[in-house]
Amino acid sequence: MPCRTIEYTGPQDWADIAVWLDQRKDPDTQVDGLVRDILTEVKERGDDALVTYTRKFDCPDFNASHLRVPADAIATALDQLPRDDVAILEEAIMRVRDFHANQKENSWWTASPDGTILGQMVRPVDRVGLYVPGGQGGETPLISSLIMNAIPAQVAGVQSIAVTSPPRADATLNLYILGTAALLGLDEIHLAGSAWAIGALAYGTRTIAPCDMLAGPGNIFVATAKSQLIGQVGIDMVAGPSEIVILADASANPAWLAADMLSQAEHDPLAASILVTPDTALAQAVRHELATQCAALPRGEIAAKSLEAWGAVITVPDLDTGIDLINRLAAEHLELALADPWAVLGAIRHAGAIFMGHTSPEPVGDYFAGPNHVLPTLRTVRFSSALSVQNFCKKSSIIATTPGYVAEHGHKIARLARLEGLEAHARSVECRTK
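Let me begin by describing the structure that accompanies this report. This is a predicted model, so every value here is computed, not measured.

## What about the overall build of the protein chain?
So, step 1. In terms of helices and strands, the protein chain carries 17 helices and 14 strands.
So, step 2. Counting over 434 residues, the protein chain shows a buried share of 47%.
So, step 3. Of all intrachain contacts in the protein chain linking residues separated by at least 6 positions in sequence, the fraction that spans at least 24 positions is 75%.
So, step 4. Entry remark: accessible area of the protein chain is about 20300 Å², with carbon and sulfur atoms responsible for 54%.
So, step 5. Placing the 33 positive and 51 negative side-chain charges of the protein chain at their respective mean positions leaves the two points 11 Å apart.

Pasting the structure below:
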């Protein structure tokens, strides 16, 4: 399999690896202008713009009456799905909801002896818009994305959630998206895709009310639209292509490691799949398995391009050196395929999600375990985290100071204000001390 073979002996070797991987960050600047024009048109023309773009790219006979999916179509979708599939979806939703319930924060207050009360009030945003890609003409719906984005918003207490997804050529939506929405208790779904859907959720149209927060994955047009709307609405994150890094020792199964690397490589030609190991025999065996398994994959061509451009088997002299490299790579997904992964967990500083041991493959987290699979990419885990309940909340500081507090501390506050040249600030406090 034509992926890179790299030897990493210490920090002096990091620069070349960083230069290589940083090329994945290169933006497609040609898209910026196109997306800006799309957003402007949606803002000015609303539903008419949505119809125009949808006719051009998704559904030739689309009209405004198709924009909102009827509530009964959502409710009856479950009856058309296999019962076994519904049961799996129900269990996945339960597990994801249980995990996120632990993230919920409460408002809090502290009272001082002088009667001053300080605190923080936690409130959900009023309305959230979720984007769900249709996938291959609506035939590979990203139902896990709907689950992972909707549940933290619901746990946060968001009362109004709108979903958009591109229609199929016949102005319908995949039954699995509709059925999953029904299981989640969502009844507002609109047929719109790409940057125009993002614009509609942000600005609002006659049919779609504007949202305060947007979440959900998408192609370069969706990502660019979200980035251009930062500061106007809340954005979950602008994620790049997927990535997995595996730290493995001699106890690992090379067939399993190759399968895990390919699970990310099949996403996108820009996906990165990297193995780090001190065991040269394991490294060689994994390369052999990559070639064998990739040839048998339905998306093998995509996976092969990904591995050729962004795949690597990196050998290190020992696990400590491997951990140093792991922290520099700061990956979206990190697998610790080690005999004792818990022994090194404390040394891991940067990773979006950490999969422990040989029987915790990354897809367990994608679909079923409970933690959110919406994760930072491109080394941004150095300063950011997985999508969570907190993304859908806002916090207000509460300040209730007493006359005694102002009398005791007013002159200090006024002094600080005057040091900054803000006389009116100082007088606002001092007028209450006289």
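## A few points about empty space enclosed by the protein
The gaps left among the atoms become clear once a water-sized probe is rolled over them.
So, step 1. In the structure shown here, the tally under the stated rule is 1 cavity of 30 Å³ or more.
So, step 2. There is about 120 Å³ of room inside the largest cavity.
So, step 3. Forming the boundary of the largest cavity are 13 residues, of which Leu21, Arg24, Glu243, Leu329 and Arg379 lie nearest the centre.
So, step 4. Among the elements of the structure, α1 (14-22), β9 (243-248) and β10 (272-277) are those that each provide at least two residues to the lining of the largest cavity.
So, step 5. Among the residues forming the lining of the largest cavity, the class breakdown is 8 nonpolar, no polar and 5 charged.

## With respect to the sheet that holds strand β7 (residues 213-215)
So, step 1. The parallel open sheet is built from 5 strands, whose spatial order is β6-β5-β4-β7-β8. Looking at the sheet topology across the chains shown, the edges are occupied by β6 (189-191) and β8 (234-235).
So, step 2. Of the strand pairs in this sheet, β7 and β8 are connected by 2 bridges, and their pairing is parallel. Opposite leucine 214, over in β8, you have isoleucine 235 as the bridge partner.
So, step 3. Its contacts with the sheet place helix α6 (residues 143-156) against β4 (127-131), β5 (160-165) and β7, and it is angled at close to 165° to β5.

Cut-offs used in this document
Residues numbered from 1 in each chain as written. Predicted model: local features only at pLDDT ≥ 70, side-chain atom pairs only at ≥ 80, totals over all residues. Heavy atoms only, no water. Helix = DSSP H or I, 4+ residues; strand = E, 2+ residues; numbered from the N terminus. Buried < 20%, exposed > 50% of the residue type's maximum accessible area, 1.4 Å probe, protein only. Contact = heavy atoms within 4.5 Å. Areas by Shrake-Rupley, 256 points an atom, 1.4 Å probe, with all protein chains shown as cover. Lys, Arg positive; Asp, Glu negative; His and termini not counted. Charge placed at Lys NZ, Arg CZ, Asp CG, Glu CD. 1 Å grid on protein atoms, 1.4 Å probe; cavity = no way out; pocket = protein on both sides within 12 Å on 5 of 7 lines; lining within 4 Å. Points joined across faces, edges and corners; volume = space filled by probe spheres on them. Nonpolar A, V, L, I, M, F, W, Y, C, P; charged D, E, K, R; others polar. Pairing = 2+ DSSP bridges. Axes fitted to C-alpha atoms, helices over the stretch in contact; angles between N-to-C directions.

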